[in-house]
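Residue-level structural notes
Here is how the chains run, residue by residue.
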Amino acid sequence: HIQDPASQRLTWNKPPKSVLVIKKIRDASLLQPFKELCVYLTEENNMIVYVEKKVLEDPAIANDENFGPVKKKFCTFREDYDDISNQIDFIICLGGDGTLLYASSLFQGSVPPVMAFHLGSLGFLTPFNFENFQSQVTQVIEGNAALVLRSRLKVKVVKEHREKTTVQNGIEENGVVSANLEKEVGKQIMQYQVLNEVVVDRGPSSYLSNVDVFLDGHLITTVQGDGVIVSTPTGSTAYAAAAGASMIHPNVPAIMITPICPHSLSFRPIVVPAGVELKIMLSPDARNTAWVSFDGRKRQEICHGDSISITTSCYPLPSICFRDPVSDWFESLAQCLHWNVRKKQNNFTVEEEE
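What counts, and at which threshold
Residues numbered from 1 in each chain as written. Predicted model: local features only at pLDDT ≥ 70, side-chain atom pairs only at ≥ 80, totals over all residues. Heavy atoms only, no water. Pairing = 2+ DSSP bridges. Helix = DSSP H or I, 4+ residues; strand = E, 2+ residues; numbered from the N terminus. Axes fitted to C-alpha atoms, helices over the stretch in contact; angles between N-to-C directions. Buried < 20%, exposed > 50% of the residue type's maximum accessible area, 1.4 Å probe, protein only. Right-handed = clockwise from strand over helix to strand, strands pointing away. Phe/Tyr/Trp six-rings, centres within 6.5 Å; stacked < 30°, edge-to-face > 60°. Lys NZ or Arg CZ within 6 Å of the ring centre and 35° of its normal. Arc of directions from axis to C-beta. Contact = heavy atoms within 4.5 Å. Core = buried A, V, L, I, M, F, W, Y, C linked by side-chain atoms within 4.5 Å. Domains from an automatic or database assignment. Buried area = accessible area lost by both parts, 1.4 Å probe. Polar contact = N/O pair within 3.5 Å; in protein donor to acceptor, adjacent residues only side chain to side chain. Nonpolar A, V, L, I, M, F, W, Y, C, P; charged D, E, K, R; others polar. Expected span 1.5 Å × (residues − 1).

Another aspect to go through is the sheet that holds strand β12 (residues 197-201). The pairing of strands in a sheet happens through backbone hydrogen bonds and is either parallel or antiparallel. Spatial strand order, β17-β16-β15-β12-β19-β20: six strands in an open sheet with antiparallel pairing. In this open sheet, the two strands that pair with only one neighbour each are β17 (270-273) and β20 (297-302). For this sheet the average axis-to-axis angle between neighbouring strands, irrespective of direction, equals 20 degrees. The pairing of strand β16 (residues 254-260) with β17 spans four bridges and is antiparallel. Across the sheet, M256 pairs through a bridge with V271, a residue of β17.

So, in structure tokens, the structure goes:
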């Protein structure tokens, strides 16, 4: 049985009480919408509002005396220090697509439903306009909304342990927070949940990247070029689309592999089934190292002997739709990417037909 995407609906077992509001940092245009939303949530709906501590450190918010009584009701947290994963009923994002990606990174396990308002530059993943936010937020609180489950990638990076570091109170000797980091004898393991894509590239080197790609333990190809993108269907309209890949609807269970500027005339992007395990390693004869990033963050070097394992995560991101999964997606293609926009061909006049 193939499920109709339109049948995915948001339903609450009990009324939501807590909401995480994520605001794009250092954007003055979002201050007023942020304040209006928070007043509405706390005073009109009696919600518990969680806000990142660095958002409230903005002088425009910290020095606003009228906003003070509302601000005192907030619960605050710090990224990489405080775990709020079991305290949030749903999320509201104010910003662009990057805000939604950031919200995804905060939840390495199950993700609450996300309502994303288009207040950024592109807005492919943010279907809501802020003008009528009161009625739209009320509909979500009442459970009257469609959902699209955006699959994520579970990524495990295994590095050969080359430099001795000690971990004390979650912070290494070099000052880097060691969240999602485990220690083994001679190995260092890090895990990430990725919404858009994993990008492996040649970094600052002038040489081609030279990485081997394995699928379920079998070598399928060696990428010689600027790198390779492993993306979700959600990420197919991001970096992968810029690199020449097809665009995949987020309801399609798949993983896309897209080369970046391959030095080959026949290397086309491919789509593999969700659930397979991909492994990427430097080729034994690679001249240089490679670099990897996860949704544009946590960029790090990959050396000989290191490996990147990628599969479909069992924790998707539930994205709340404005209308429904199909209409929202094609609306985004038209509005953000101007998909198939061209001047229409004129029809024949009667004289020309004759």
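Here the narrative resumes, following the displayed structure.
Across the six residues of strand β1 (residues 18-23), six count as buried, placing the element largely inside the fold. Burial of the side chains of β1 extends over both faces: S18, L20 and I22 are buried on one face and V19, V21 and K23 on the other. Here β1 runs beside strand β2 (residues 48-52); their pairing, made up of four bridges, is parallel. Bridging from a neighbouring strand, V21 pairs with V51 of β2. In this fold, the crossover linking β1 to β2 by way of helix α1 (residues 31-44) has right-handed handedness. Relative to strand β4 (residues 90-95), β1 runs parallel, the two being bridged by five bridges. Directly across from V19, in β4, lies its bridge partner F90.

Under the criterion given, the structure shown has twelve aromatic pairs. Ring centres of F128 and F322 lie 5.7 Å apart, and the angle between their planes is 85 degrees; on these two criteria the pair is classed as edge-to-face. Linking F128 in the loop between β5 (114-118) and α6 (133-141) with F322 in the loop between β22 (317-320) and α8 (325-337), this pair joins segments that are 194 residues apart in sequence. By way of ring pairs, the aromatic residues Y40, F117, F128, F130, F133 and F322 are connected into one cluster. Against the face of Y81 rests R78, its NZ or CZ located 4.6 Å from the ring centre.

With that settled, consider α6. Every buried residue belonging to α6 is among F133, Q136, V137, V140 and I141, and all of these are buried. The buried residues of α6 occupy an angular sector of 140 degrees when projected down its axis, which confines them to one face. Tucked into the core, α6 has its buried residues touching α1, β4, β5 and β22. A positive backbone phi angle near 85 degrees is found at G143, which sits one or two residues after α6.

Residues F34, L37, L41, F74, I92, F117 and V137 are the most contacted members of the largest nonpolar core, which totals 32 residues. Going through the elements one at a time, β1, α1, β2, α2 (53-56), β4, β5 and α6 are the ones with two or more residues in this core.

Further remarks concern the domain arrangement of the chain. What the domain assignment reports for the chain is domain 1 (9-151 + 316-337) and domain 2 (153-162 + 180-312). For domain 1 versus domain 2, the separation of C-alpha centres amounts to 30 Å. Residue-level contacts link 21 residues of domain 1 with 19 residues of domain 2. When domain 1 packs against domain 2, the two sides together hide about 1700 Å² of surface, and 57% of this comes from carbon and sulfur. Area buried by domain 1 at its contact with domain 2 is led by Q108, S151 and W329, which between them contribute 37% of it. Run the count over domain 1 and domain 2 and you get five residue pairs in polar contact (both at pLDDT 80 or more). Residue classes in the side of domain 1 that touches domain 2 are distributed as 14 nonpolar, four polar and three charged.

When the terminal C-alpha atoms of α8 are compared, their 17 Å separation across 13 residues agrees well with the 18 Å that a helix rising 1.5 Å per residue should span. For α8, every residue scored as buried is listed here: P325, D328, W329, S332, L333 and C336. Axial view of α8: buried residues confined to an arc of 140 degrees, hence all on one face. The inward-facing, buried residues of α8 abut β6 (147-150). By the N-cap criterion, in which a side-chain oxygen at the helix start approaches the backbone nitrogen of a residue two or three places on, α8 is capped by D324, the distance to V326 being 3.1 Å.

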